[in-house]
Amino acid sequence: MGDAAPQEITDPKIAAAVAAAEAAGPGPGESVRIDSWIWAVRLIKTRSLGATACRGGHVRVNGERVKPAYNVRVGDEVRLRHEGRERVVVVKRLIRKRVGAPVAVQCYIDNSPPPPPREAVAPAGIRDRGAGRPTKRDRRELERLRALRGLSAMGGSGTGGSGRR
């Protein structure tokens, strides 16, 4: 596996960045935490979000729910549910430091299902230009649509407002 990795990378800048990331990575016998790894390969925006996702049961390694301190190994299958999408990746390289997107892609094999097409999600609350000021009925309909979109994106419930009318 070590021999095949340099042949896959054709861009010398990316190859140098991957080598630097591996040099800063764990040494032989050392390991990397799952929350740190999913942050380093840019599957999650912050490490604390990665730890929260682990605690919430949104991260599975080889089919089992894991805690943030779980040590990930090369060859592990990581399933991550984040922002309404499931990512399925196989660990190719262990890194500790966050790297650029082209380098991050070299650290895992992405087996995720394709994301839903953007056209499938209808934009809520867009009015025709020149339609004038919305009526009270129009405003309430827009607020209802926005509340429904917010609930589906967050996965929670609530009114999303101050409660005063």
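The rules behind each value
Throughout this description, residue numbers start from 1 for each chain and increase along the sequence as written. Confidence filtering applies because this is a predicted model: local features only for residues at pLDDT of at least 70, side-chain atom pairs given and counted only at 80 or more, and all residues used for totals across whole chains, interfaces and linings. To obtain the side-chain values, all non-hydrogen atoms of the structure were used and water was disregarded. A run of H or I in DSSP becomes a helix once it reaches four residues, and a run of E becomes a strand once it reaches two; helices and strands are each numbered from the N terminus. The cut-offs for exposure are 20% and 50% of the maximum accessible area for each residue type, with area from a 1.4 Å probe on protein chains only; residues under the lower value are buried, those over the upper are exposed, and the others partly exposed. Should any heavy atoms of two residues lie within 4.5 Å, those residues are considered in contact. Per-residue and other accessible areas were derived by the Shrake-Rupley procedure at a 1.4 Å probe size, with only the shown protein chains allowed to occlude residues. Note on pairing: DSSP must find at least two bridges between two strands before they are called paired. Any Lys or Arg side-chain nitrogen found within 4 Å of a carboxyl oxygen on Asp or Glu counts as a salt bridge. In this description, a nonpolar core means a group of buried Ala, Val, Leu, Ile, Met, Phe, Trp, Tyr and Cys residues linked to one another through side-chain atoms lying within 4.5 Å. What the arc describes is the spread of directions from the helix axis to the C-beta atoms. In this analysis, rings of Phe, Tyr and Trp, with Trp reduced to its six-membered ring, are considered paired at centre separations within 6.5 Å, and the interplanar angle assigns stacked below 30 degrees, edge-to-face beyond 60, and tilted for intermediate values.

S.K.: I'm lost on the overall build of the protein in this one. Help?
M.R.: In terms of regular secondary structure, the protein is built from six helices and seven strands. Listing every helix and strand of the protein by position from the N terminus yields α-α-β-α-α-β-β-β-β-β-α-β-α. When burial is assessed residue by residue, the protein has 28% of its 165 residues classed as buried. Once local pairs closer than 6 in sequence are excluded, the contacts in the protein between residues at least 24 apart make up 50%. Of the roughly 11,500 Å² that the protein leaves accessible, carbon and sulfur atoms contribute 52%.

S.K.: Explain the pairing of strand 6 (residues 85-91) here, please?
M.R.: Within a regular beta strand, the side chains point alternately toward one face of the sheet and then the other, so they alternate between its two faces. Of all the seven residues making up strand 6, five are buried; the element is thus mostly covered by neighbouring parts of the structure. Where strand 5 (residues 77-82) lies against strand 6, six bridges are found, and the strand directions are antiparallel. Bridge pairing links Leu80 to Arg87 in strand 6. Hairpin connection, strand 5 to strand 6: the antiparallel pair is bridged by two residues, and Glu83 has positive phi, about 55°. Here strand 6 pairs with strand 7 (residues 108-110) via three bridges, running antiparallel. Opposite Val91, over in strand 7, you have Tyr108 as the bridge partner.

S.K.: Would you mind going over unusual backbone geometry with me for this structure?
M.R.: Negative phi is the rule for most residues except glycine; trans is the rule for most peptide bonds. Residues other than glycine seldom take positive phi values, yet Arg42 does so here, at roughly 65°. A positive phi angle is found at Asn62, which is not glycine, with a value near 55°. Structurally, the position occupied by Asn62 is in the loop between strand 2 (59-61) and strand 3 (64-65).

S.K.: Explain the pattern of salt bridges here, please?
M.R.: A side chain of one charge can pair with a side chain of the opposite charge if their charged atoms are brought near each other. In the structure shown here, the tally under the stated rule is seven salt bridges. Here Arg139 makes a salt bridge to Glu143, at a shortest N to O gap of 3.2 Å. Of this pair, Arg139 and Glu143 both sit in helix 6 (residues 136-154), four residues apart, which is roughly one turn of the helix. Since its relative accessible area comes to 34%, Arg139 is described here as partly exposed. Here Glu143 falls in the partly exposed class, since its relative accessible area comes to 31%. Linked by salt bridges that have partners in common, Arg33, Asp35 and Arg47 make up one network.

S.K.: Is there a simple way to explain the nonpolar core in this structure?
M.R.: The nonpolar side chains of a soluble globular protein tend to be buried with one another. Grouped together as the largest cluster of nonpolar side chains are 27 residues, with contacts concentrated most on Ile34, Trp37, Ile38, Val59 and Val78. For this core, the secondary-structure elements that each account for two or more residues are helix 2 (12-24), helix 3 (34-40), helix 4 (47-55), strand 2, strand 5, strand 6 and helix 5 (101-105). With four residues, helix 3 is the single largest residue contributor to this core.

S.K.: In this structure, what is going on with helix 4? I would like to understand it.
M.R.: Three or four residues apart is the spacing at which side chains of an α-helix point the same way, because the helix has 3.6 residues per turn. The complete set of buried residues in helix 4 reads Gly50, Ala51, Ala53 and Cys54. Buried residues in helix 4, looked at end-on, bunch into an arc of 160°, giving them a common side. Facing away from the buried surface of helix 4 by more than 90 degrees, the exposed residues are Ser48 and Arg55. Contacts from the buried residues of helix 4 go to helix 3, strand 2 and strand 5.

S.K.: Hey, could you run me through the sheet that holds strand 6 in this one?
M.R.: Paired through backbone hydrogen bonds, the strands of a sheet run either parallel or antiparallel to each other. Here five strands make up an open sheet; going across it, the order is 3-2-5-6-7 and the pairing antiparallel. Across the chains shown, the open sheet's two edge strands, defined by having one partner strand only, are strand 3 and strand 7.

S.K.: Which parts of the structure should I look at to understand the packing of aromatic side chains?
M.R.: Centre distance and the angle of the planes are the two values used to describe a pair of aromatic rings. As enumerated under the stated definition, the model contains one aromatic pair in all. An angle of 75° between the planes, with centres 6.4 Å apart, marks the rings of Trp37 and Tyr108 as edge-to-face. Highlighted residues: Trp37 in helix 3 and Tyr108 in strand 7, separated in sequence by 71 residues. Considered together, Trp37 and Tyr108 belong to a single accessibility category, that of buried residues.

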